[in-house]
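Structural features, examined
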Amino acid sequence: MLIKSIPNWAIKEGQETPEAIYLNRRSLIKGFAGALAVGSVGGNIGGALAQAGRAPMDFTHNDAFVLDRELTPEDVNIRYNNFYEFGSHKRISDNAERNLKPRPWQIEIDGLVNKPLTLDVDELIGRVGGLEERLYRHRCVEAWSMTVPWIGFPVQKLVDLVDPLGSAKYLRMETFNDGEMADGIGSQPWYPWPYVEGITMAEASNDLAFLVVGAYGKQVANSMGAPIRLHLPWKYGFKSIKSIVKFSFVEERPVSYWEEISKGREYGFWANVNPEVPHKRWSQANETVLHTQERVPTLLYNGYGEQVAHLYAGMEDQDLFV
Ligand SMILES: Nc1nc2c(c(=O)[nH]1)N[C@H]1C(S)=C(S)[C@@H](COP(=O)(O)O)O[C@H]1N2
Ligand SMILES: [Mo]
């Protein structure tokens, strides 16, 4: 994968400055309100496609996770996404709903482990001992944010299933790489598919690190990363990899998708949220709340410092916030 000069994505990302986001969101909100007006007919609010066929899930609500703001409405979250496999813009929802086939879904867990596993997503869900609902905040590096009632389980439960060796230092994750399910893969060959992300074993073991299989009481929508995606609420959103097919326990630090694309210049490995460390092309001091368009101050570690700051003690020489 060679990027010789300023690649396309740089221009695309550059357009995602707050002004562009604001304008996008205005039309989004308008669409949502319009759909609401006819929503009572048949109960389909907005994207009927996006709502179709997702089974309700069994879970217990974990009330340890409280929000300082409203929940983002489901339809807003389902229809405003980053999922480059379906296109490098925010309106991939219908495409993903039509073409991503989240079941059956085989998952491989391999690498430096005593008990490697290959299993179906529903078998994995059956083996982690119950699902919980957590209200989390999400902060995209493009300076917008949302909140979501995720359903899932801590990453640590997956770690426990395979019993990693002491030599495992990182957990590497990979998204599906199937051009039949996602046309953006074939039509954007300059991107380094598959989407890859990685976290340290200490991050994987932190209670906040969450594997998501549902949201809003149901299986998670295709556009949001069905059937299983990561969520790390203290990091920029690109770390939260969607539609995972492979988990590998490895010794070497994985190079993540955006790190590779930007050659480490704009997106690094750690990507912890910090309002005082600007992106190369825009400020990270504030964020636009997705459905209200309110500009609010961004918080260090996206407000989760108490739970995660200790993970980075003594690492001040590294680019923890890029
Ligand atoms: N496989 C994959 N995972 C991905 C992305 C992507 O393009 N492909 N985008 C990331 C980014 S930049 C963000 S902000 C979140 C968006 O999640 P959402 O669409 O559920 O809001 O997914 C992340 N995970
Ligand atoms: Mo993002």
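Description of the structure in this document. What you are looking at is a predicted structure, and each value in this text was computed from that prediction instead of being measured.

Cis geometry is found at the peptide bond from Arg103 to Pro104, where omega equals -5°. Structurally, Pro104 can be placed in the loop between helix 5 (93-99) and strand 2 (106-111). Pro227 follows Ala226 through a cis peptide bond whose omega is -5°. Mapped onto the elements of the fold, Pro227 is located in the loop between strand 9 (218-219) and strand 10 (229-231). Located in the positive-phi region is Lys263, a residue other than glycine, with phi close to 50°. Its location among the elements puts Lys263 in the loop between helix 10 (257-261) and strand 12 (286-289). Take Lys263: its relative accessible area is 46%, and that puts it in the partly exposed class. In this model, Tyr301 sits at a positive phi of 50°, which is unusual for a non-glycine residue.

Examined against the element boundaries, Trp144 turns out to sit in strand 5 (residues 144-154). In this structure Trp144 comes out as buried when scored by relative accessible area, which is 3%. Remark: the alpha-carbon pair of Trp144 and Asn286, spanning 142 residues in sequence, is separated by 8.5 Å. For Trp144, the side chain forms a polar contact with the side chain of Glu142, separated by 2.9 Å.

Quick look at the sheet that holds strand 7 (residues 196-200) now. Strands sit in the order 3-2-11-6-7 across an open sheet of 5 strands; the sheet is mixed. Two strands close off the open sheet at either side, each with one partner strand: strand 3 (117-120) and strand 7. Going from strand to strand, the sheet's axes swing by 15° on average, the running direction of each strand aside. In terms of strand pairing, strand 6 (residues 170-175) meets strand 11 (residues 244-250) through 6 bridges, oriented antiparallel. Across the sheet, Thr175 pairs through a bridge with Ile244, a residue of strand 11. Packed on one face of the sheet, helix 7 (residues 155-162) meets strand 2, strand 3, strand 6 and strand 11 and runs near 65° to strand 11.

What follows concerns the site of ligand 1. With respect to spatial proximity, 19 residues lie near ligand 1, and among them Asn81, Tyr84, Glu85, Ser240 and Lys242 are the closest. One of the side-chain N or O atoms of Glu85 is found 2.9 Å from a nitrogen atom in ligand 1. Contact distances for ligand 1 include 3.0 Å between a nitrogen atom and a side-chain N or O atom of Thr175. Computed on the free molecule, ligand 1 has an accessible area of 530 Å², of which 98% lies beneath the protein chains in the complex. The class makeup of the residues in the shell around ligand 1 is 9 nonpolar, 7 polar and 3 charged.

The rules behind each value
Starting afresh in each chain, residues are numbered from 1 along the sequence in its written order. For naming, the first written chain is A and the first written ligand is 1, with later ones following in the order written. Restriction of local features to residues with pLDDT of at least 70 applies here, the model being predicted, together with a cutoff of 80 or more for giving and counting side-chain atom pairs; totals for whole chains, interfaces and linings are based on all residues. Processing note: side-chain calculations cover all non-hydrogen atoms of the structure and skip hydrogens and water entirely. A run of H or I in DSSP counts as a helix once it spans at least four residues, and a run of E counts as a strand once it spans at least two, with each numbered from the N terminus. For every residue, the accessible area (1.4 Å probe, protein chains only) is compared with the maximum for its type, and the residue is labelled buried under 20%, exposed over 50%, or partly exposed between those bounds. In the analysis that follows, any N or O atom pair within 3.5 Å is treated as a polar contact, provided that within protein one partner can donate a hydrogen and the other can accept it, and provided that, for residues neighboring in sequence, both atoms belong to side chains. When DSSP finds two or more bridges between a pair of strands, those strands are recorded as paired. Orientation is described by axes fitted as lines to C-alpha atoms, over the contacting stretch for helices, and by angles from 0 to 180 degrees between their N-to-C directions. Contacts between residues were defined by any pair of non-hydrogen atoms, one from each residue, lying within 4.5 Å. The rule for a residue being near a molecule or strand is that one of its heavy atoms must lie within 4 Å of it. Areas reported as accessible are Shrake-Rupley estimates using a 1.4 Å probe. Residue values count occlusion only from the protein chains shown. Note on residue categories: nonpolar means Ala, Val, Leu, Ile, Met, Phe, Trp, Tyr, Cys or Pro, charged means Asp, Glu, Lys or Arg, and polar means any other residue, Gly included.

Purely geometric numbers; function is a separate question.
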